[in-house]
Amino acid sequence: MTTRWSKILAVLLGFLTSSSILWIQPKAAASDRALAQTPPMGWNSWNKFACDVSEKLIRETADAMVSSGMKAVGYEFVNIDDCWQVSRAADGTIVADPERFPGGIKALAEYVHSKGLKLGIYTDAGRMTCQKRPGSYEHEVQDINTYAAWDVDYVKIDWCFAEGLDPEVQYKKFGDAIARASRPIVFSICNWGVKAPWRWGARVGGNSWRTTDDINDTYDRMSLIGFSQSGLAEFSSPGHWNDPDMLEVGNGGMTRDQYRTHMALWAILAAPLLAGNDLRSMTAETKELLTNSEVIAIDQDPKGKQGHRVWEEGGLETWVRPLADGGYAVGLFNRSGQAIQMSFDLKKIGIEHPSKIRDLWEHKDVSAENGAYAADVPRFGVKFVRVYK
Ligand code: GAL
């Protein structure tokens with residue numbers, strides 16, 4: 001072949017390949033959009049308000065997320081849970097409750113966006129939501145496209161009224177629709193751990209998946225869920241998080257030490273931090289629990305490696321989480337009914353001479369003696385420290 005002909009051929013081939021790539025490539029796949037590179041942070045209406053949701057509540061919550069300082073420390077999503085939807089239109093489009101959301105979801109999204117925040121919504125993969133509103137079964141693609149058209153940024157998908165359905169098959173329908181949607185949408189799978197979603201959640205496009213049944217505002221329930229999470233670390237990574245359910249901090253059912261346990265454990269677990277209290281009327285103590293930026297930095301550590309339990313005896317547990325800077329977060333948890341001194345052998349994390357140990361709740365540097373860090377831990381409380389290499 002002459003050089004001239006080979007040049008023409010090369011140009012032609014180049015054109016064909018580049019243009020065919022353009023033709024066959026779907027709109028940015030969910031994985032290319034690199035969503036939830038750290039665990040999602042925000043708020044959700046369910047734990048405090050249940051079905052009592054409205055556009056007024058969502059607007060006021062967005063306002064409060066900014067004015068309380070929560071936005072400044074990383075909280076971003078304002079998520080409407082169950083009960084916003086009432087019916088389907090003749091063409092199958094989901095309809096928001098016209099009394100509670102008179103301006104519609106799109107206008108609400110615009111408002112939330114104007115505050116520099118993002119809007120989340122809720123549906124169910126089954127025939128009805130848990131509160132018997134219309135589910136998304138057989139409307140998977142239509143509903144995702146509706147949310148995208150409304151400029152929604154996050155969707156939580158529940159698993160009520162899904163008898164006989166396979167979660168991996170059903171959730172994949174949403175994952176595929178989200179990958180093709182006109183805007184990036186964080187995909188939160190909420191099937192309470194049925195059929196181990198940590199094994200297939202990432203494969204179907206999930207950014208997080210609930211690992212357990214619902215939390216409630218008691219130390220018993222919160223700790224039962226939180227402390228049962230050891231062993232799931234290998235399934236979590238940037239973009240794909242285990243979700244032990246939303247926060248109860250500030251709802252009044254636990255003491256400050258118990259809520260500190262809740263926050264510290266969720267941070268070690270690299271769990272989504274979705275506040276579940278009334279942001280419009282927080283006490284100073286609640287605000288401090290939710291906006292402790294040293295604790296949040298553990299949850300949001302860029303390495304994205306979930307922590308695990310390294311020791312347990314008689315209601316005392318030690319958990320560690322490796323961090324991007326080579327250090328570790330260490331939680332000394334006292335689940336027993338009385339205050340006790342606990343200690344941690346720094347050899348366990350291979351940092352016998354740390355450059356610094358920081359108490360994350362007390363905001364002060366502390367020290368180790370003879371290669372161990374020791375501290376008094378209140379009943380149902382935690383000593384939560386960051387050990388620097
Ligand atoms: C549950 C879910 C809760 C909440 C509730 C709404 O299945 O786990 O987080 O969304 O449904 O009805």
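Scroll up to find the structure this text is about.
Rules used in this analysis
- Residues numbered from 1 in each chain as written.
- Predicted model: local features only at pLDDT ≥ 70, side-chain atom pairs only at ≥ 80, totals over all residues.
- Heavy atoms only, no water.
- Core = buried A, V, L, I, M, F, W, Y, C linked by side-chain atoms within 4.5 Å.
- Buried < 20%, exposed > 50% of the residue type's maximum accessible area, 1.4 Å probe, protein only.
- Helix = DSSP H or I, 4+ residues; strand = E, 2+ residues; numbered from the N terminus.
- Contact = heavy atoms within 4.5 Å.
- Polar contact = N/O pair within 3.5 Å; in protein donor to acceptor, adjacent residues only side chain to side chain.
- Phe/Tyr/Trp six-rings, centres within 6.5 Å; stacked < 30°, edge-to-face > 60°.
- Lys NZ or Arg CZ within 6 Å of the ring centre and 35° of its normal.
- Pairing = 2+ DSSP bridges.
- Axes fitted to C-alpha atoms, helices over the stretch in contact; angles between N-to-C directions.

1. Notes on the nonpolar core
Point 1. By size, the foremost hydrophobic cluster in this structure holds 87 residues, and its most contacted members are W84, I105, Y171 and F384.
Point 2. With seven residues, the single largest contributor to this core is helix 9 (residues 256–268).
Point 3. Not counting residues up to four positions away in its chain, the partners in contact with F384 are A264, A267, I268, V295, I298, A329, V330, G331, R358, D359, L360 and W361.
Point 4. With 15 residues, the next largest nonpolar core counts M342, I349, A375 and V385 among its residues.

2. Brief notes about the side chain of D359
Point 1. Examined against the element boundaries, D359 turns out to sit in strand 15 (residues 356–359).
Point 2. Of note is the side chain of D359, whose polar atom sits 2.7 Å from the side chain of K383.
Point 3. Apart from the residues lying within four places of it in its own chain, the contact partners of D359 are K364, V366, Y373, K383, F384 and V385.

3. Comments concerning the packing of aromatic side chains
Point 1. Applying the stated criterion across every chain yields a total of twelve aromatic pairs.
Point 2. Ring centres of Y171 and W200 lie 6.1 Å apart, and the angle between their planes is 25 degrees; on these two criteria the pair is classed as stacked. With Y171 in helix 6 (residues 167–180) and W200 in helix 7 (residues 197–200), this pair connects stretches of sequence that are 29 residues apart. For the pair Y171 and W200, a shared accessibility class is recorded, and that class is buried.
Point 3. Grouping aromatic residues by their ring pairs yields a cluster made of W159, Y171, F174, F187 and W200.
Point 4. Positioned over the ring face of Y111 is R59, at 4.5 Å from the centre of the ring.
Point 5. Cation over ring: K356 sits above Y388, and NZ or CZ is 5.1 Å from the ring centre.

4. Quick word on the sheet that holds strand 18 (residues 382–388)
Point 1. A sheet is described by the order of its strands in space; here six strands give the open sequence 11-12-13-18-15-16, paired in antiparallel fashion. Because the sheet does not close on itself, it has two edges, and the strands there are strand 11 (308–313) and strand 16 (364–366). Direction aside, neighbouring strands of the sheet carry axes that sit 25 degrees apart on average.
Point 2. In this sheet, strand 16 lies alongside strand 15 in antiparallel orientation, the contact comprising three bridges. Considered in strand 16, the bridge of D359 is made with K364.
Point 3. Against the sheet, helix 9 contacts strand 11, strand 12 (316–322), strand 13 (328–334) and strand 18, and its axis sits at roughly 35 degrees relative to strand 18.

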